[in-house]
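# Fold and geometry: a report
Take a look at the letters that make up each chain.
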Protein chains: 2
Amino acid sequence: MYGGIEAGGTKFICAVADEKLRIIEKISIATTDPQTTFNQVFAFFDQYPIDALGIGSFGPIGIQPSQENYGHILATPKEGWTNVDLLGQLKQRYKVPIGWTTDVNAAAFGEIKRGAAQGKRSCIYLTIGTGIGGGVVMDEAVFQGISHPEMGHLFIKRDPEDTYQGTCPYHKDCLEGLAAGPALAARSGIKGEDLPLDHPIWDLQANYLAQALMTYTLVLAPEVIVLGGGVMNQNHLLKKIQQQFTELMAGYTETPPVEEYIIRWGLPNESGVIGTLLLAQKELEDKKNRSLS
Amino acid sequence: MYGGIEAGGTKFICAVADEKLRIIEKISIATTDPQTTFNQVFAFFDQYPIDALGIGSFGPIGIQPSQENYGHILATPKEGWTNVDLLGQLKQRYKVPIGWTTDVNAAAFGEIKRGAAQGKRSCIYLTIGTGIGGGVVMDEAVFQGISHPEMGHLFIKRDPEDTYQGTCPYHKDCLEGLAAGPALAARSGIKGEDLPLDHPIWDLQANYLAQALMTYTLVLAPEVIVLGGGVMNQNHLLKKIQQQFTELMAGYTETPPVEEYIIRWGLPNESGVIGTLLLAQKELEDKKNRSLS
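This text gives an overview of the structure that appears in the document. (Residues numbered from 1 in each chain as written. Chains lettered and ligands numbered in written order. Predicted model: local features only at pLDDT ≥ 70, side-chain atom pairs only at ≥ 80, totals over all residues. Heavy atoms only, no water.)

Our focus in this paragraph is the relation of the copies chain A and chain B. When chain A is fitted to chain B, the residual RMSD is 0.0 Å, and the transformation amounts to a turn of 180° plus an axial shift of 0.0 Å. Expressed as an axis order, the relation between the two copies is that of a two-fold axis. In this assembly, 100% of the residues forming the interface of chain A have copies in chain B that are likewise at the interface, indicating an isologous arrangement. (Least-squares fit on C-alpha atoms with pLDDT ≥ 70 in both. Contact = heavy atoms within 4.5 Å.)

Attention now moves to helix α3 (residues 103-114) of chain A. Residues and elements named next belong to chain A. Along its 12 residues, α3 runs 16 Å from first to last C-alpha, staying within 8% of the 16 Å computed at 1.5 Å per residue. Counted residue by residue, α3 has nine buried out of 12 residues, so it is predominantly covered. Buried within α3 we find Val104, Asn105, Ala106, Ala107, Ala108, Phe109, Gly110, Glu111 and Ile112. (Helix = DSSP H or I, 4+ residues; strand = E, 2+ residues; numbered from the N terminus. Expected span 1.5 Å × (residues − 1). Buried < 20%, exposed > 50% of the residue type's maximum accessible area, 1.4 Å probe, protein only.)

Bringing the sheet that holds strand β5 (residues 98-102) of chain A into the picture now. All names here are of chain A. In spatial order, the strands read β3-β2-β1-β4-β5; together these five strands make up an open sheet with mixed pairing. Every other strand in the sheet has two partners, leaving β3 (23-30) and β5 as the edge strands with one partner each. Within this sheet the neighbouring strands show an average axis-to-axis angle of 10°, counted without direction. As paired elements, strand β1 (residues 2-7) and strand β4 (residues 52-57) share six bridges and run parallel to each other. (Pairing = 2+ DSSP bridges. Axes fitted to C-alpha atoms, helices over the stretch in contact; angles between N-to-C directions.)

Let's shift gears to the packing of aromatic side chains. Per the stated rule, a full pass over the model turns up 23 aromatic pairs over all chains. For the ring pair Phe45 of chain B and Tyr94 of chain B, a centre distance of 6.3 Å and an interplane angle of 75° mean the geometry is edge-to-face. Here Tyr94 of chain B lies in the loop between α2 (86-93) and β5 (98-102) and Phe45 of chain B lies in helix α1 (residues 34-45), a separation of 49 residues in the sequence. The exposure class of Phe45 of chain B is buried, given its relative accessible area of 0%. Pairwise contacts between aromatic rings join Phe12, Phe38, Phe42, Phe44, Phe45, Tyr48, Phe58, Trp81 and Tyr94 of chain A into one cluster. (Phe/Tyr/Trp six-rings, centres within 6.5 Å; stacked < 30°, edge-to-face > 60°.)

With 38 residues of chain A in contact, the opposing surface of chain B contributes 38 residues. Carbon and sulfur atoms supply 69% of the area that chain A and chain B bury against each other, a total of about 3500 Å² over both sides. Broken down residue by residue, the surface that chain A buries against chain B is led by Phe155, Val219 and Tyr252 of chain A, which jointly contribute 21%. Taken together, the connections running from chain A to chain B amount to two salt bridges. (Buried area = accessible area lost by both parts, 1.4 Å probe. Salt bridge = Lys/Arg side-chain N within 4 Å of Asp/Glu carboxyl O.)

Now for the state of the cysteines. Scanning the model with the defined rule gives zero disulfides over all chains in all. The thiol of Cys168 of chain A is unpaired, and the distance to the nearest cysteine sulfur, on Cys174 of chain A, comes to 3.8 Å. (Disulfide = S-S within 2.5 Å.)

Residue and element names in this part refer to chain B. If you walk across this open sheet you meet the five strands as β3-β2-β1-β4-β5, and the pairing is mixed. Strands with a single pairing partner mark the edges of an open sheet, and in this sheet they are β3 (23-30) and β5. Across the sheet, the mean angle separating the axes of adjacent strands is 10° when strand polarity is ignored. Contacting β1 (2-7), β2 (11-17), β3, β4 (52-57) and β5, helix α9 (residues 271-292) runs over the sheet at an angle of about 135° to β1.

Below, the structure is given as C-alpha cells:
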C-alpha cells in the first residue's frame, strides 16, 4: 500500500492507494501550524499499513542528502514553516522508503506516468495559478540539479507598452510577477476567471508564457510541455500560447507539432497527488533493486 | 590513441592524443566546402591508428539515433553544409567508436573533466563570441533532450533605453542578437576589443548575460557556470556579471558563492578539442563496458 502527500501552502492532500495505484482514500488538510498539520497527517496515515511514501512539497526545499537542510522547507513566506523538517517528521513516524521532491516535480512525474505526457521519456509540467512553477522529468526520472527547478522566476522580454511593475516580492517583473493569477487581476482590475475572452490582456499573457516555454525548450528540449493550474482553465489561452510560441521560435530548432508539444494537463488538480503515489512506488522498487544487487 | 574534431563553421580543429589524453598532434583546417574539408580531415587522421573518435560540431545537429538526420548538420547559414552527414562520413572512414555532440557540449565536457569545473558533477559552459551558445553536463554526462541546448537564443528583459533592434536573423533581439560580439560592435560603432573599459555598454552587456545565467540557474541548477569565448577576454566583464547576477537573483534560491559559481574557462580556446578527445575516450570505455556486460 502506498501513501502520497502533496504538501501545499494552503492544503496538504494525503492519499493511500493499493499496489495498482488505485486510490483507496484521499483527504485534504488545511495547512495551519506545522504541529497541528502533522498531527492530522499522522492520524490519516496511521490507519493504513503503508509500504512506502511519496512527498511533493511546496518549496523551496532542501534536496541534497549531504546537506543539513535536506528534507526541510527552506525560506518560505508561509508563517511558521521556514526550516521545518518535513521529510524528517515523516521518516521518524513511518519506517518505510520515502520519495521526496517538489510538488511540481511530483506533478510532472504524475503527468508522464499517468497523464497527458504518458509514453514520453521527458516532460515539463508548468502550473500557472497563484504562482508559476515548473517540474521536469528527463529520462523518466525527476530532474534536479544542486537545487530543484524554480522556472517561474525567469525574466522575459516585456511588452514596451506594459508598464505594470509586477508582483514578485523578489524580482518584481519576472514571469511569475507578470503572469501569475494575482498579476492578471491587479493589472486588469478584474479577477482572472471573470476577465472577458476578448480582453487584450490574454494576448500579453500568452506572449509572456510562450517566451518562457521557448526558453525551457532551448535549454531542456523536452518531448512535451504540459500546462496546468487555475489560469489554464481559460480554454482559449492554450491556442494563443501555441500560436505565439510558433511565432517566437521562428523555426529555429525542430520541435514536435505544437498541438502535440504544448498541451493541457491530463490529470487536472490530481497530477500532484498521483505523482506522489508514483514516487512512493518508485522508491520501494528502487529499494528492492538495491537490496537485490 | 584518441582522435578529436572540434568542427566549427570557420575551422575544424583536429587532434590526436595518447591513452593519457596528452595531445600528440593538433591541426587547424579552414572550413571550406564539405568535400575539401573532409579530405583534409581524413589526411590527418589516416596517419594515426586511432581507437576512438570524438566530434563536437557546430549546430544545429541531429542527435536522435532513431531519426534520419542523426549525425547530420541541420539548417545552417554556412553555405554547403546544410544536411551534410558529418558523423556518417567519419564512421565510413574509421571503424571505431565515435562520440557525437555539439561543440559547446564538448567544451562543457572538457571543462568539467580537465578545466575550470573539474571535480564537479554538473556544469554549464557558455561561449560569448561571434555567437552565444551553451553546453551542459549533468551527472558527469553531456546533457541533451530530444535536441541539444540552444541556450543563446532566449529572450531577456530589455533595458527600456536600449532601442537596438538586435542581430539574430531568427529572433532579432534574443540574447545572442543583443549581446554577442557583432551586436556589441554594431551598437557602439566600436569593435568589442577596442571598446574602452568605462563604456556604458559593458553594464548593459553584463546585465543581459547575468539575466541568462539566472535563467539557466533557475532551470538547471548546475554546480558551476563556466564562461568562455572572445568577449570574455574582457577581464572586467566577469566581475560585472557576478555583481549583476547577485542583484538579479535577490537571494531567491541558494547558489554557491558567486566567485566560485560564475567563473572563467580553465582551458581557453581548448575546452572544445580537449572535450572531443575525452568524448572519444568515454565512447571507447562505454563500448568495452557494454561488451563485458
